Amino acid sequence: MPAFTLYGSRGSTNTDRVRLTLAEGGFTDYELVLLNLQKREQKSEENMKRHPWGKVPVITFPGGFTLYESRAICKYLARKYSFPLLPPDSDVEAAALFDQAQSAEMLYFAEPAGRIAFEKFAKKFMGLPPDDAVVSDALRSVEMFFDVAERLLQHKDYMAGNAFTLTDIYYTPLIQRLFACGYGDVILSRKAVSAWWDRCMNRPAIQKILAADKEAVAAASK
Ligand SMILES: N[C@@H](CCC(=O)N[C@@H](CS)C(=O)NCC(=O)O)C(=O)O
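Fair warning: this is a prediction, and the values are worked out from it, not measured in the lab.

Caption draft 1: Spotlight on the site of the ligand. Inspection of the region around the ligand gives Ser12, Thr13, Asn14, Leu37, Gln42, Gly54, Lys55, Val56, Pro57, Glu69, Ser70 and Arg71 as its neighbouring residues. Mapped onto the shell around the ligand, the elements with two or more residues apiece are helix H1 (13-24) and helix H3 (70-80). Grouping the amino acids of the shell around the ligand by side-chain chemistry returns three nonpolar, six polar and three charged.

What follows is the structure in structure tokens.
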């Protein structure tokens, strides 16, 4: 029996955050159950018991322990299985800098980047047109975010310091979505940000997941 089940969905950036964490930790002993968001399977009675807001991802353990919210899941898994993706608890300053980087990612980056992903990507599957005003407002916020990141990354290799951590993983799915929507230039036009992104993308575990996803998309479109 696998250690736990991850309920997610294909193309879900929040699910991919968890998958990337597991890949970086070299952990494969889990079952991935994909829900179809278009069919609203996330709102089924069963999933509403797992996730009170009816979303993915969620993890459930055979003993009943259940957890939702992608970043909480990533952090829990990294702690439980000792993935080297968090500063040691004994280093109080490094742990605080990690929390600071995590908040910056969630509030200053993921919020506007998520709006772009919703308008330009998710709405396509709903047959709805993007709201261009929302996109340009969110894009301005993302640009401003990376202007600051560009300055910060002159002095450190990764978002929470000089070591690769979960925070860098947290960015990955939404930045990939920005590239897919034609906004890769927000990364590529900034030297330090672009070098950081290369460092993240060149990690073997991340490469492996991206290659597998590309293959899955190609197979599904045949
Ligand atoms: N803050 C949550 C966001 C979860 C979320 O919005 N998931 C999306 C998929 S990426 C979802 O389930 N959307 C379907 C819905 O809201 O009905 C997390 O980090 O896990």
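Don't stop here, the text continues.
Caption draft 2: How the structure looks around helix H4 (residues 92-126). At Ala110, H4 shows its largest kink, close to 45 degrees, and the proline Pro112 lies no more than four residues downstream. Listed as buried for H4 are Phe98, Ala101, Glu105, Phe109, Ala110, Pro112, Ala113, Ile116, Ala117, Glu119 and Lys120. Remark: Gly127 follows H4 within two positions and exhibits a positive phi of approximately 70 degrees.

Caption draft 3: Local environment of the pairing of strand S1 (residues 4-8). The buried fraction of S1 is high, at four of five residues. Read from S1 through H1 to strand S2 (residues 30-34), the crossover connection turns out right-handed. The pairing of S1 with strand S3 (residues 58-60) spans three bridges and is classified as antiparallel. Its bridge partner lying in S3, Leu6 is registered against Ile59.

Caption draft 4: Geometry of the nonpolar core. Judged by nonpolar contacts, the single largest core of 45 residues is most densely connected at Cys74, Ala113, Ile116, Val142, Leu174 and Leu178. For this core, the secondary-structure elements that each account for two or more residues are S1, H1, S3, H3, H4, helix H5 (132-152), helix H6 (166-180) and helix H8 (191-201). Two domains each put at least three residues into this core: domain 1 (4-85) and domain 2 (92-209). Those residues within four positions of Leu178 in sequence are excluded, and the remaining contacts are Ala113, Ile116, Tyr183, Gly184 and Val186.

Caption draft 5: Summary view of the pairing of S2. Here S1 runs beside S2; their pairing, made up of five bridges, is parallel. Its bridge partner being in S2, Leu6 is matched across the sheet by Leu32.

Caption draft 6: How the structure looks around the domain arrangement of the chain. Along its sequence, the chain is organised into domain 1 (4-85) and domain 2 (92-209). Relative placement of domain 1 and domain 2: their C-alpha centres are 21 Å apart. In this assembly, 14 residues from domain 1 lie in contact with 16 residues from domain 2. Sorting the residues of the side of domain 1 that touches domain 2 by element identifies H1 and H3 as the ones contributing at least two each. Among the elements that take part in the side of domain 1 that touches domain 2, H1 stands out by supplying eight residues, more than any other. By residue class, the composition of the side of domain 1 that touches domain 2 is five nonpolar, three polar and six charged.

Caption draft 7: Structural context of the UniProt feature "domain: GST C-terminal" (unreviewed entry) in the chain. In this numbering, the UniProt entry assigns the feature "domain: GST C-terminal" (unreviewed entry) to residues 91-220. The distance from the first to the last C-alpha atom of residues 91-220 is 46 Å, and the span holds 79% helix and 0% strand.

Caption draft 8: Up close: unusual backbone geometry. Here Val56 and Pro57 are connected by a cis peptide whose omega angle stands at 5 degrees. Mapped onto the fold, Pro57 is located in the loop between helix H2 (45-50) and S3. Not every positive phi belongs to a glycine, and Arg40 is a case in point at roughly 60 degrees. Its location among the elements puts Arg40 in the loop between S2 and H2. Here the phi dihedral of Ser82 falls at roughly 55 degrees; this positive angle occurs in a residue that is not glycine. For Ser82, the position within the fold is in the loop between H3 and H4. The exposure class of Ser82 is exposed, given the 10 C-beta atoms found within 10 Å.

Calculation rules
Residues numbered from 1 in each chain as written. Predicted model: local features only at pLDDT ≥ 70, side-chain atom pairs only at ≥ 80, totals over all residues. Near = placed C-beta within 6 Å. Helix = DSSP H or I, 4+ residues; strand = E, 2+ residues; numbered from the N terminus. Nonpolar A, V, L, I, M, F, W, Y, C, P; charged D, E, K, R; others polar. Bend = angle between axes of the 7 residues up to and from the residue. Buried ≥ 20, exposed ≤ 12 C-beta atoms within 10 Å, placed from the backbone. Right-handed = clockwise from strand over helix to strand, strands pointing away. Pairing = 2+ DSSP bridges. Core = buried A, V, L, I, M, F, W, Y, C linked by C-beta atoms within 7 Å. Domains from an automatic or database assignment. Contact = placed C-beta atoms within 7 Å. UniProt positions renumbered as here; feature names shortened; annotations may be inferred.

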